[in-house]
Amino acid sequence: MASSALYREPCLFDEPIQVKVTGLSPRQVVTMRARLIDEKGAVFSSLATYRANGSGEIDLDRDASLGGSYVGVEPMGLLWSMCTETLPKMFQKTNSMNPQIVTFSVHDEGNRVLAEMMNERFLMGDGVSRVFVKEGNIRGVLFTPPEGPFPAVLDLCISKSEIRACLLANKGFVVFMVDLYNDKAFNGKEMQLDYFEEAMDFLKLQAKVSHKRIPYKGVGIMANSKGAIIGLSLAAFVPGVKAVVCINGRNTNSSVVVCYKKQEVLSTLMFDYIKLINPDSFFVIGRYVFKNPLAEKLKASTVPIERAKGHFLFAASEDDLHWASKAHMDGMVERLQCHGKENFESVSYPGAGHLLEPPYRPYCPSSFQGAEGTLVMMGGEPKSHAAAEVHLWKKIQDFFRTRLSCNTEQIQAKL
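Keep in mind the model is a prediction, meaning the values are calculated, not measured.

Moving on: the pairing of strand β12 (residues 174–179). Among the six residues that make up β12, six are buried, leaving the element largely enclosed by the rest of the structure. Here β12 shows no split at all, with V174, F176 and V178 on one side and V175, M177 and D179 on the other all buried. Examined bridge by bridge, strand β10 (residues 138–144) and β12 share three bridges and lie antiparallel to one another. Following the sheet pairing, V141 is matched in β12 by M177. With six bridges connecting them, strand β11 (residues 152–157) and β12 associate as parallel partners. Across the sheet, residue D155 finds its bridge partner in β12, namely M177. Each parallel crossover has a hand, and for β11 linked through helix α2 (residues 163–170) to β12 it is right-handed.

To continue, consider the UniProt feature "active site" (unreviewed entry) in the protein chain. Mapped onto this structure's residue numbering, the UniProt feature "active site" (unreviewed entry) falls at S225, D320 and H354. The named residues occupy 130 residues along the chain; their greatest pairwise C-alpha distance, 10.9 Å, places them in one compact cluster. Structurally, the position occupied by D320 is in the loop between β19 (311–317) and α5 (325–338). Apart from residues no more than four positions distant in its own chain, D320 is found in contact with N248, R287, S325, A352, G353, H354 and M378. Of note is the side chain of D320, whose polar atom sits 2.8 Å from the backbone nitrogen of H322. One can find H354 in the loop between β20 (344–349) and β21 (366–369). Judged by relative accessible area, which is 2%, H354 ranks as buried. Apart from residues lying up to four places away in sequence, H354 is in contact with S225, N248, D320, H322, W323, S325 and M378.

Cut-off values and rules
- Residues numbered from 1 in each chain as written.
- Predicted model: local features only at pLDDT ≥ 70, side-chain atom pairs only at ≥ 80, totals over all residues.
- Heavy atoms only, no water.
- Buried < 20%, exposed > 50% of the residue type's maximum accessible area, 1.4 Å probe, protein only.
- Helix = DSSP H or I, 4+ residues; strand = E, 2+ residues; numbered from the N terminus.
- Pairing = 2+ DSSP bridges.
- Right-handed = clockwise from strand over helix to strand, strands pointing away.
- UniProt positions renumbered as here; feature names shortened; annotations may be inferred.
- Contact = heavy atoms within 4.5 Å.
- Polar contact = N/O pair within 3.5 Å; in protein donor to acceptor, adjacent residues only side chain to side chain.

Have a look at this one:
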């Protein structure tokens, strides 16, 4: 009978786990499986075939998968390779209070279960608080680590998921997650930057952000896809934005106009639906649907990012089938350089798709999009996409620490 040691306590969602199997016969071939059920009831699973060593042991940090959902040495492969058995779905996890349960199992060649263990993957670290905020016009969820002070980050979320905000708070940031498409900011025709400015004002007044003897440095903004357009707009038009993480974003606005102080600041770049690619009856590729933003009559849809006082981290996936993210990023870099700006850094990821998230979640090759009214292909190859998420997640933390963190030695000296 096999036995297994699958994780250490506590196990946070974005931390790697050590997966080992012991007690097998020498050189025994087994199938290892992982399975989870998300908040919408969707079942995600993966499998991989392994051969035990001469001592009847398998260690995913050392041993290569011989086949299945992935091949080769991939210590976290059973997690990132999980997918649904029918049409692809996006992993849904909106409530950060409850851990995500993953069941690992070991099966012999007759599919008999030799060992099974559940792994609880927590989102909230020790001492981190979660508070639902309903103040003035703003609605959102505030995550605050213990002690402080900490840098402040506004997370512009397009999926109502708390995962990214909560996990970043675990790393030493006060993070306020707001839903991009709430009825206070978005009325179906216009997106109001004033709403997000109010959220920034709320965030900077938090006790663990402002410090009576240390100057406030400004807010960081973290956003992807459509949220990144709003993040760039805030940096260009609203004072107090110190750092922006733009993940697979554009500086050309689409779908709805953007307003600030009761004035339209960005027009909308319309879709050219003739350019939708429909490889089969279920999915479409939207990479080429936007009209040329350089056309004179469409220039008003371009965010003047050169006006921003803060710094940018641009991240783009080279295999993004939803948007031409790498080309958009190159265009933003060129625009800043043409204006003599050096307040940016950029990184791109070959083989990665549109939805770059914190690591070790099921890969999502497609997602339903309301604007297109169908399943849109997101692109990417699972292994490359997973590696990109690991690299980018650390880079985001380092970027915010560099651009937002106050000097702790200075704090102690002034106390």
